[in-house]
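Examining the three-dimensional arrangement
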Amino acid sequence: MIPLTRRAALTLGVAATMALSACSSATNGGSSSSGGGEVVIAGTYPVDSIDPGGPQGGGTGPQMVEQQLFSRLVRTKTDGSVEGDLATSWKSDATAKTWTFTLRKGVKFSDGKELKAADVADSFKRFIDLKGTNAANFPDYTMTAPSDDTVVLTASKPDAAIPRKLAVFFVLPSGVGANDTAFFDKPVGTGPFKLDKFSPNEIVLVPNPQYYGGAPKVTKVTIKKMPELAARLTALRTGEADVVWGIPDDQLPEVQKDSTLNVQIVQSSAVYTMWFNSSTPALKDAAVRRALWEAVDFPTIIKKLYPQTGSLSDSVVSKQTLGYVAQTPVKYDPVAAKAALTAAGFDFGTKLRLQFANAEFQQFNQAVVSDLQKIGVQVDLLQKEQAVFTKDLLALNWDINFQQLSNPMLDAANTVGRLYPCAAKRNGYCNPALDKLISQAAASTDEQERVKLYGEAEKIIWDDAVGMFPMAVKYAYAWNKRLSGFTPDPNGLPDFSKLQVNS
Amino acid sequence: MIRVVVKRLLIGVLVMWGAASLIFLIVRVAPGDPVSILLGPDATQDQVKELSASLGLQRPLAVQYVDYLGHAVRLDFGDSYRLGHPAMSEVLERLPATAELMLASTLIAVVLGLTLGLLAGGRPGSVVDRVVSAAAIALQSFPTFWIGIMLILVFALALRLLPSSGSGTPQHLILPAITMALPFTAIVARLTRTSVAETLREPYIQTAKSKGLTDRQVLLGHALRNSLLPVVTIVGLHMGGLMGGAVIVENVFSWPGLGSLVVDSVTNRDYEVVQAATFVIAGIVMLFNLAADLVYSQLDPRIRLEGS
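Residues numbered from 1 in each chain as written. Chains lettered and ligands numbered in written order. Predicted model: local features only at pLDDT ≥ 70, side-chain atom pairs only at ≥ 80, totals over all residues. Heavy atoms only, no water.

1. Side note on the overall build of chain B
Assigned secondary structure in chain B consists of 12 helices and 0 strands. Going from the N terminus to the C terminus, chain B shows its helices and strands as α-α-α-α-α-α-α-α-α-α-α-α. Viewed in the frame of its principal axes, chain B has a C-alpha envelope of about 85 × 55 × 30 Å. In chain B, which comprises 308 residues, the share counted as buried stands at 47%. Taking the intrachain contacts of chain B between residues at least 6 apart in sequence as the baseline, contacts between residues at least 24 apart amount to 74%. Total accessible area on chain B is roughly 14,400 Å²; 69% of this is exposed by carbon and sulfur atoms. Here chain B carries 22 positive and 21 negative side-chain charges, and the mean point of each set is 15 Å from the other. (Helix = DSSP H or I, 4+ residues; strand = E, 2+ residues; numbered from the N terminus. Buried < 20%, exposed > 50% of the residue type's maximum accessible area, 1.4 Å probe, protein only. Contact = heavy atoms within 4.5 Å. Areas by Shrake-Rupley, 256 points an atom, 1.4 Å probe, with all protein chains shown as cover. Lys, Arg positive; Asp, Glu negative; His and termini not counted. Charge placed at Lys NZ, Arg CZ, Asp CG, Glu CD.)

2. What about the domain arrangement of chain B?
Residues and elements named next belong to chain B. Partitioning chain B into domains gives domain 1 (2-72) and domain 2 (88-307). Computed over C-alpha atoms, the centres of domain 1 and domain 2 are 32 Å apart. Taken together, the contact between domain 1 and domain 2 spans 21 residues of the former and 19 residues of the latter. Contact with domain 2 buries area across many residues of domain 1, yet V4, R8 and M16 alone supply 29% of it, more than any other trio. Taken together, the links from domain 1 to domain 2 amount to 1 salt bridge. Linking R8 and D293 is a salt bridge whose minimum nitrogen-to-oxygen distance equals 2.8 Å. In this assembly, domain 1 and domain 2 are joined by 3 residue pairs in polar contact (both at pLDDT 80 or more). Residue assignment for the side of domain 1 that touches domain 2 shows that the elements contributing at least two residues are α1 (2-29) and α2 (34-39). A total of 14 residues in the side of domain 1 that touches domain 2 trace back to one element, the largest contributor, which is α1. (Domains from an automatic or database assignment. Buried area = accessible area lost by both parts, 1.4 Å probe. Salt bridge = Lys/Arg side-chain N within 4 Å of Asp/Glu carboxyl O. Polar contact = N/O pair within 3.5 Å; in protein donor to acceptor, adjacent residues only side chain to side chain.)

3. Brief notes about the interface of chain A and chain B
Interfaces are often described in size by the accessible area the parts lose on coming together. Each partner contributes residues to the interface: chain A has 47 residues there, and chain B has 51 residues. Approximately 4,400 Å² of surface area, both sides summed, lies buried where chain A meets chain B, with 59% of it carried by carbon and sulfur atoms. Our count for the contact surface shared by chain A and chain B stands at 5 salt bridges. Note that K225 of chain A and D264 of chain B form a salt bridge whose closest N and O atoms lie 2.4 Å from each other. Here the side of chain A that touches chain B takes 12 residues from helix α1 (residues 2-32) of chain A, the largest share from any one element. Within the side of chain A that touches chain B, the residues separate by chemical class into 20 nonpolar, 15 polar and 12 charged. (Nonpolar A, V, L, I, M, F, W, Y, C, P; charged D, E, K, R; others polar.)

4. Digging into unusual backbone geometry
Located in the positive-phi region is K425 of chain A, a residue other than glycine, with phi close to 50°. Relative to the elements of secondary structure, K425 of chain A occurs in the loop between α13 (416-419) and α14 (432-443). Given the relative accessible area of 64%, K425 of chain A is considered exposed. Backbone geometry at R160 of chain B places phi at a positive 55°, although glycine is not the residue there. Taking relative accessible area as the criterion, R160 of chain B reaches 38% and is therefore assigned partly exposed.

5. Let's talk about the pairing of strand β6 (residues 142-147) of chain A
Relative to strand β7 (residues 150-154) of chain A, β6 of chain A is paired through 4 bridges, and the arrangement is antiparallel. Across the sheet, S147 of chain A pairs through a bridge with T150 of chain A, a residue of β7 of chain A. (Pairing = 2+ DSSP bridges.)

6. Some words on the pattern of salt bridges
Pairing is possible between side chains of opposite charge, provided their charged atoms come close. Here the structure, examined in full by the defined rule, presents 29 salt bridges over all chains. With its nearest N and O atoms 2.9 Å apart, the salt bridge here joins E83 of chain A to R75 of chain A. On the basis of relative accessibility, which here comes to 28%, the residue E83 of chain A falls in the partly exposed class. Among the ionic contacts, a cluster of salt bridges with common partners joins D48 of chain A together with R82 and D270 of chain B.

7. Looking at the UniProt feature "domain: Solute-binding protein family" (unreviewed entry) in chain A
The UniProt feature table records "domain: Solute-binding protein family" (unreviewed entry) at residues 82-424 of chain A. Counted over residues 82-424 of chain A, helix gives 27% and strand 24%. Its end C-alpha atoms are 27 Å apart. (UniProt positions renumbered as here; feature names shortened; annotations may be inferred.)

8. Digging into empty space enclosed by the protein
Residues and elements named next belong to chain A. Scanning all chains against the criterion turns up 6 cavities of 30 Å³ or more. In this structure, the largest cavity encloses a volume near 110 Å³. Looking at the largest cavity, it is lined by 14 residues, and the ones nearest its centre are W293, F298, L312, S313 and V330. Per-class residue counts for the lining of the largest cavity are 11 nonpolar, 1 polar and 2 charged. (1 Å grid on protein atoms, 1.4 Å probe; cavity = no way out; pocket = protein on both sides within 12 Å on 5 of 7 lines; lining within 4 Å. Points joined across faces, edges and corners; volume = space filled by probe spheres on them.)

9. Details of the UniProt feature "transmembrane region" (unreviewed entry) in chain B
Residue and element names in this part refer to chain B. In the numbering adopted here, UniProt assigns the feature "transmembrane region" (unreviewed entry) to residues 9-30, 101-120, 132-161, 173-191, 228-253 and 273-296. In this annotation, residues 132-161 is assigned 83% helix and 0% strand; the end-to-end C-alpha distance for the span is 26 Å. In this annotation, residues 228-253 is assigned 96% helix and 0% strand; the end-to-end C-alpha distance for the span is 32 Å.

10. Quick word on the domain arrangement of chain A
Residues and elements named next belong to chain A. Taken domain by domain, chain A consists of domain 1 (50-55 + 69-189) and domain 2 (269-474). Each partner contributes to the interface: domain 1 provides 18 residues, whereas domain 2 provides 15 residues. Between domain 1 and domain 2 the total buried area reaches about 1,100 Å² when both faces are included, carbon and sulfur atoms providing 61% of it. Per-residue buried area on domain 1 facing domain 2 is highest for N137, A160 and R164; these three make up 42% of the total on that side. Here domain 1 and domain 2 share 1 salt bridge between them. The salt bridge partner of R164 is D411, with a shortest N-O separation of 3.8 Å. Put simply, domain 1 and domain 2 have 2 residue pairs in polar contact (both at pLDDT 80 or more) between them. Each residue belonging to the side of domain 1 that touches domain 2 can be placed in one class, and the counts come to 6 nonpolar, 6 polar and 6 charged.

11. What to know about the side chain of D159 of chain A
Looking at the secondary structure, you find D159 of chain A in the loop between β7 and α4 (162-165). Taking relative accessible area as the criterion, D159 of chain A reaches 3% and is therefore assigned buried.

12. Observations regarding the packing of helix α10 (residues 215-252) of chain B against helix α12 (residues 271-299) of chain B
All names here are of chain B. Closest axis-to-axis distance for the α10/α12 pair is 9 Å, and the angle between their directions is 175°. Classified by the interaxial angle, the pair formed by α10 and α12 is roughly antiparallel. Packed against α10, whose contacting residues are R225, L228, L229, V232, T233, G236, L237, M239, G240 and M243, the element α12 presents I281, I284, V285, F288, N289, A292, V295, Y296, Q298 and L299 at the interface. (Axes fitted to C-alpha atoms, helices over the stretch in contact; angles between N-to-C directions. Parallel < 35°, antiparallel > 145°, perpendicular 65-115°, else oblique.)

13. Things to note about the sheet that holds β6 of chain A
Residues and elements named next belong to chain A. One open sheet holds the 4 strands; their spatial order is β4-β5-β7-β6, and the pairing between them is antiparallel. Unpaired on one side and paired on the other, β4 (87-92) and β6 mark the two borders of the sheet. This sheet shows a mean twist of 20° between the axes of neighbouring strands, independent of strand direction. Both β4 and strand β5 (residues 98-103) contribute to a ladder of 5 bridges, which runs antiparallel. Looking at β5, one finds that S89 is bridged to T102. Packed on one face of the sheet, helix α3 (residues 117-129) meets β5, β6 and β7 and runs near 170° to β6.

14. Concerning the confidence of the model for chain B
Here chain B averages 88 in pLDDT, while 98% of its residues score no lower than 70. Across chain B, element-level confidence peaks in helix α4 (residues 61-72) of chain B with a mean pLDDT of 94 and bottoms out in α10 of chain B with 81. (pLDDT = per-residue confidence, 0-100.)

15. Details of the packing of aromatic side chains
Two measures describe an aromatic ring pair: the distance that separates the ring centres and the angle between the ring planes. Residue and element names in this part refer to chain A. Evaluated as defined, the whole model comprises 33 aromatic pairs over all chains. Seen in terms of ring centroids, Y272 and Y306 are 5.6 Å apart; in terms of plane orientation they differ by 90°. Their pairing is edge-to-face. You can see Y272 sitting in strand β12 (residues 261-276) and its partner Y306 sitting in the loop between α9 (298-305) and β13 (310-312), a full 34 residues away along the chain. You'll find Y272 and Y306 in the same group, each marked buried. Arranged with centres 4.8 Å apart and planes meeting at 80°, the rings of Y272 and F402 form a pair that is edge-to-face. One end of the pair, Y272, is in strand β12; the other, F402, is in strand β16 (residues 400-405), with 130 residues separating them in the sequence. (Phe/Tyr/Trp six-rings, centres within 6.5 Å; stacked < 30°, edge-to-face > 60°.)

Here's what the structure looks like:
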């Protein structure tokens, strides 16, 4: 018996040592494989499809990949301004209904075929026909190609926001079918990269030598699927991943201490938005909604939970959004709040339902509930699965709804103009005066006038407390110092075309 | 024997029909639907209605069920709402990764568990026995995801010996396979230990010793084969458990297998993939149970399968 025990122990020990040694050398080799021009991105969002027109095409994950493969007519810059991508210039008629875009000359698809205006018009038709979420921004809009380098977009109503709205429209070659999985297995585009591999756990991009802006300098960009935050951060620290973003405050100090990493926190386009359901009897009165807002100590909550990635919001939209106008802050005053609720006849026996979807927002919402309970307002905090949350959101099956609302178009038309008119039926709030301002803002071709009108609309939304707008969100990015040319993006959609790997 | 196998396979068809029907009902009774997920919170009610209609979700449940079963018998589970490809292809594409993980973890668990069980059971009450028994209880008590995270912290982050996540090389397999194997190792070790300790008390062992055989010869030549019986049973029965474990382990290690596909599909209410995956998993578990029964009867001639 004894010889067996010793031998078994010895065998196990040797085997373990050999395995670890083998792994050690293999892993070192593996980490250097991300060097030499190769970059690994730890994917924050799922990417199940890269069809820009498909139902999921407008999601953050798919859009991040789509913008590497396909170009757009225009794109938003990190400062919120718009720049031409495939279009070099654009102009509208006096009514803002007809928009003419002049295309960049000499642009080629990754298969070498020249881009024609017909490709753009066909892509737009496909985009509208597929009725994805972003297509809803273009109701009954049409696009024609009067010449090889011009496209004309005709809107069904005056729409001054069209250039920014087009930041989510990607151009494909003519002839791509509705559910053309064969095309998207080997897509052809005019973006900086080509798709090399799309597998369940990673997407590999390689430079497109035909890219009009010059092929990217890196040899390969791999976007790895890493649904767990802990896995992303571990991969960043071990060198298995080069870029990670969406790092929460409780993890940031550790990442900031790492001398091999660059860390940058940028103002995003997202705003924490907590709508009140104005069709709920208890919340019909603006005075009640306003009092509930006053009852929550948002400055303290933000300071405690988001010391680096949050700041008190002073508008319905973020600062870099066209149409942003600062509003008067709502002061935390629980005594006044309780008095206002009593004066408005609020029934303190009513239990309000606060819904939210992701576990990362649990603490924030719990703190809100806690503050409301301090003045006697009862709230049921309901964390829901995304599928249930969305269904209930659209059915107005909630009293207070928490969402982090982003705005990739960086135009108030996409939030104020889309979510707050009576016809949107998003939160039970309906105000003809607000509708009028939104229509006027959409129709004005004068940018200053649009900002003024959206500002007035935001004042109504803010003062009537259609919701609480507590926090402007910042995104924390961290990337390996061996990289240069990386620019954090306010929408979580960084461009990889300028990346370089330093030796 | 052939009659028994055929009979069991026929019963298996009924089991598969039950599993397919049950999962069809469960995914539809669960709150939320694929349309809300596909379109996201920015959708309008009109878009929701249109997509619902185009996916056939507004048809009566009975009509959907008949349509589903009609296609399922041909192994056609429709196209994934989310991924755009046939659901069964997605499942079969992910199956090898999970099979690799299950095979590696089962191998580790059986080899390590049997070795430790033999060491402990060969000398009941010894220090080795106590250490093995205590370690086995501890390993069974730790949640799988915790074991995974600890292994990542030690071997990936602190020692930088192994990759923390992903797949593609043998090194990527080590941590997830060990994570999945450890709780199973504990079960095999405890079972083997008890079985060996009991077998060593049998009269025929005393006879073997009295014939002058060494401890090692007795243990490996006589005790091991009899001790294997419960281990074979537990390995067969544990396949379902391993599938469950794969769901957690694959997520912790970003392993692109069936488990993570099922989690993603359930979260996204991708009915077609959930149905196809459940069908395949049920089939695998059924076949492993049958295989365990057959091996059991071969290992112990005293056992005859019903009907043979």
